[in-house]
Structure formats: structure tokens, C-alpha cells
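Here's the letter readout for the chains.
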Amino acid sequence: MKIAVVGAGHVGLVTAVTFAHVGHDVAVTDTDAEKLSMLRAGECPFFEPGLQDLLTTSLESGRVSVADTVGEAVDGVEVAFVCVGTPPRASGEANLIAVEKSAQAIAEGATGSLVVVEKSTVPAGTAGRVGAILAKVAPDIGFGVASNPEFLREGSAVQDSLHPERILVGADSPEAFDVMRRLYAPFTDEGVPLVETDVATAELSKHAVNAFLALKVSFINAVARVAESVGADVRDVADLMGSDPRVGRGMLNAGLGFGGSCFHKDLLAFHHLSAQAGYDFRLLPEIIRLNEESVASVAKRVEDALWNPEGKRVALLGLAFKPGTDDIRFAPALELARLLLAKGAAVVGYDPQAGAAAKAEVAELELAADPYEAAAGASCLVLCTEWEEFAGLDMPRLASVMDERSIVDGRNFLDGEAARSAGFTYSGVGHSK
Ligand code: UGA
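Residues numbered from 1 in each chain as written. Predicted model: local features only at pLDDT ≥ 70, side-chain atom pairs only at ≥ 80, totals over all residues. Heavy atoms only, no water.

Draft legend 1. Local environment of the sheet that holds strand S8 (residues 194-197). Across the sheet, which stays open at both edges, the 8 strands sit in the order S3-S2-S1-S4-S5-S6-S7-S8 with mixed pairing between neighbours. Single-partner strands in this sheet number two, and they are strand S3 (64-66) and S8. Neighbour-to-neighbour, the strand axes of this sheet turn through a mean angle of 25 degrees, independent of strand direction. Inspection of the sheet shows strand S1 (residues 2-6) paired to strand S4 (residues 79-82) by 4 bridges, in the parallel sense. Note on S4: the bridge partner recorded for Val6 is Val82. Contacting S1, S4, strand S5 (114-118) and strand S6 (143-147), helix H5 (residues 97-109) crosses the sheet at an angle of about 160 degrees to S4. (Pairing = 2+ DSSP bridges. Helix = DSSP H or I, 4+ residues; strand = E, 2+ residues; numbered from the N terminus. Axes fitted to C-alpha atoms, helices over the stretch in contact; angles between N-to-C directions. Contact = heavy atoms within 4.5 Å.)

Draft legend 2. Structural view of empty space enclosed by the protein. Overall, the coordinates contain 1 cavity of 30 Å³ or more when judged by the stated rule. Here the largest cavity is characterised by a volume of approximately 40 Å³. Taken together, Glu118, Lys119, Ser120, Thr121, Val122, Ser147, Pro149, Ala202, Glu203 and Lys206 form the lining of the largest cavity. The dominant element in the lining of the largest cavity, judged by the number of residues it contributes, is helix H10 (residues 199-230), at 3 residues. For the lining of the largest cavity, the residue count by class is 3 nonpolar, 3 polar and 4 charged. Counting contributing residues, the lining of the largest cavity receives three or more from each of domain 1 (2-197) and domain 2 (198-433). (1 Å grid on protein atoms, 1.4 Å probe; cavity = no way out; pocket = protein on both sides within 12 Å on 5 of 7 lines; lining within 4 Å. Points joined across faces, edges and corners; volume = space filled by probe spheres on them. Nonpolar A, V, L, I, M, F, W, Y, C, P; charged D, E, K, R; others polar. Domains from an automatic or database assignment.)

Draft legend 3. View of the domain arrangement of the protein. Considered domain by domain, the protein is made up of domain 1 (2-197) and domain 2 (198-433). On a C-alpha basis, the centroid separation for the pair domain 1 and domain 2 is 32 Å. Domain 1 puts 34 residues into the contact, and the matching count from domain 2 is 29 residues. Both sides together, the interface formed by domain 1 and domain 2 hides about 2,300 Å², and carbon and sulfur atoms give 61% of it. Of all residues in domain 1, Phe47, Thr121 and Glu154 bury the most surface against domain 2, accounting for 28% of the area lost on that side. (Buried area = accessible area lost by both parts, 1.4 Å probe.)

Printed below as a string of C-alpha cells:
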């Protein structure tokens, strides 16, 4: 099938190369000319494991082409995916101007009947608005509208997209469902379930899933606060909770909390949508408040270790919001850096991928070339992102370069015993082991 993907960010680009990989012909476009040039040169504009290889093969095979405009991309296609950003406004409401402009441009460029698919996370009700624009701009073309939310995670986006747990499609007509079934046949033929709902249910499901995942993270972090006071170990509590299939172990790792472009934005947008619908869903902002508390709690621990933070160095290992990405949006490490800088500490950070992006966001942050350079002269070292390379840290070497031997493990990732043996005061989140 010929398809168009509007927006070449984490969701759009992964969607494009995934569909190319299973045999469709994909035209991808974006409003960012620099991104388009990079893609034409075969370069992936951001780091995502496996994406560069898939991009190279799909450009070489000609299954992915890069279009300058939406009009060019939608020429002759059966499906157009909208994968543009939906950032929060000051009120928390999702800003849908890019979705509106995309719908307008798709309608203007459409050469025949096609299904417009929302892949970006949007509030329930957006499909109705999109459908109205399509009908107004090009009343003679038969458009279908579908919501097909993405469940991929950064850091494992390619694998998640090639091997989804399930595919969710909400559509507004039998014809649109037919098109979506054909599009996803390479996946459903392999046994991946395709769940069909009405459009509003699909839109709402995406918000509900993300809010619930964020709730799990905030819940276990609140349990961690109690565990610290009563001498329990939150890791064992999480394992025990997770062994009940009704709960599930996923998203129950206590630590610095969640970051990334999705959870925070989606919680705000979901809260706003609920209020508009007449329901004050107060749990949603509380999830964000608990998340902020997680960073503040680690910051307090670091301050305790420093005693007087002024002029002392703190080393942050990991700056990305999670391992496997160079994305620093809402990264807890950067929030922690800001809190410590405000107290007068000097903050030096190291990240295998996200250093430059972090520095662009927090100018006062010093960057180091490796963990040991970051630790040199520091009074406290904080593990912020659980990159695999930090599992093998040489504790005696770290101890030899630091000014004071204190480690705060913000992801319960390091070997506490090895740290203590090297002379460190070690503390994790939600336990005292
Ligand atoms: C999340 C969802 O997991 C995806 O299903 C969804 O498609 C995506 O948002 C989206 O809406 O685009 P992502 O933000 O990439 O994906 O990453 P997650 O693996 O969900 O992690 C989110 C944050 O929670 C990270 O900062 C991570 O460190 C933190 N986290 C995760 C914890 O603090 N504890 C955990 O147990 C798990």
C-alpha cells in the first residue's frame, strides 16, 4: 500500500520505517527542513537503537521516500498518518494546531479517497474535528478518519513497533476499518491482535493507558517514601505486588520518577479533557505532584550528604530521561540538576548519548567525557539513568577520584555492597540496603 507519514519525530519516523519494513511504500514529511535534509542524507535525526539501520535499508530499497510537503507526500496514498507534536499549552490543554494544519494540508493535497489516521496522542474528540476539516476543505473526496494510538517506548521503539503486543484501531466507517486491516495484515498474519473500537474509545484508551502507567510509577515512589521510614525494602514490595497478575511488575521500579515527552504532557491533557467533559479527575495532577516529590526527595538526600552544598561538586551519571535514548525532555536528572544548582552546588554530568542536549537545556551543567571524569573532585555521585554501562563501574577507581565518598542511587541500579566495600556511603530509593 502507498502511505504518507506527516511528522518525522520519534513516533513518525519509527512508524514510517516499520511500515516500509513490512512491505508498504511510505512517503514521510516534516515541517523541519533540516530534518528532511538529514533523512535524505540517510541520517537519523535522533538516537534510537536499531532505527538508523532500518532507515538505511528502507531508503536504499526505495520503500521510504522523503517528501518536501504534505501535498507531495499524500499524492496517490490510501492512508495518511498524523504524527505531529501535541505539546501542552500553559493551561495543560493539548495544543492541536499542528494536527489541524496537517489535516488541512492532507485535504488540500489528497488526490483520491484516503484514511487519515491519528497516531499522535490526542484528546478524545479530536477525530471529529479532523473529519470536519477534511470535509470542509475537500468535500468531494471520501475521507475516513481513524485513531491508531502508538504504544512504543523510546529506547525500544523499533522492537515495540515491529512486534507490538496489540494494535488498536478506532475508525468511523467500515471502509476505514477495511483499509486499516489491509495495512496491518503483515502483523495480524503473524498473530498480533488488532482491537477495533469506535474512534473516541481508541483516543481515550491511549490517555488511560499512559495515565495508569505513570500512576504505577508514582504509586511505587510513594510506597518508597514510607519504606524508607519503616525500614522496609521497596524493591521486595514491588516484586511481591508484581507477582499478583492483577497488578503486574512493569512500571514498579522506584526511583527518580518518570520523565519523557509523553506522561507529563498526557496527564495534563487528560486532566484538561476530563474537566471540559465536566469531571474533575483529581488523581491525574496528583500523579505529577508525587513525581516531583521523587526528585525532591533525592535532592534532599544529596544535600544531606553535602551538608553545605555551596561550591561542592555533584556528579550526575545519566542525563537522558531513560536509558537507550538521547531525549532529555522532562528528564528527572535535569530537574535534579536545577534544584542542586539553585542551592549553590556545582553540577557535572555524564551521559552516553544525551550530554549535548542536556547542556543546551541547562547551561550551568558541566559535561564530562566519562563517569570517572564526572566523579573527579565530586562530593556526591548520583545515578540518574540506568544505562547498562554504569553496571560495570569500577567502585575503587571512583572512590580514588572523589573528594568525599557518597553515592545516591536514584534508580536502585548499582551494587550497594560493592560501593560500600570501596568505602562509599551508599543509599538507594526506598530501602536501606
Ligand atoms: C511511554 C509508554 O510506556 C509507551 O507505551 C507510550 O507509547 C509512550 O510513553 C508514548 O505515549 O509515546 P516512554 O515515555 O518512551 O513510553 O518510556 P517508559 O519506558 O514508559 O518510561 C517512562 C518514564 O518512567 C521513564 O523516565 C522511566 O525511567 C520511568 N520509569 C519507568 C520508572 O521510573 N519506573 C519504572 O518502573 C518504569
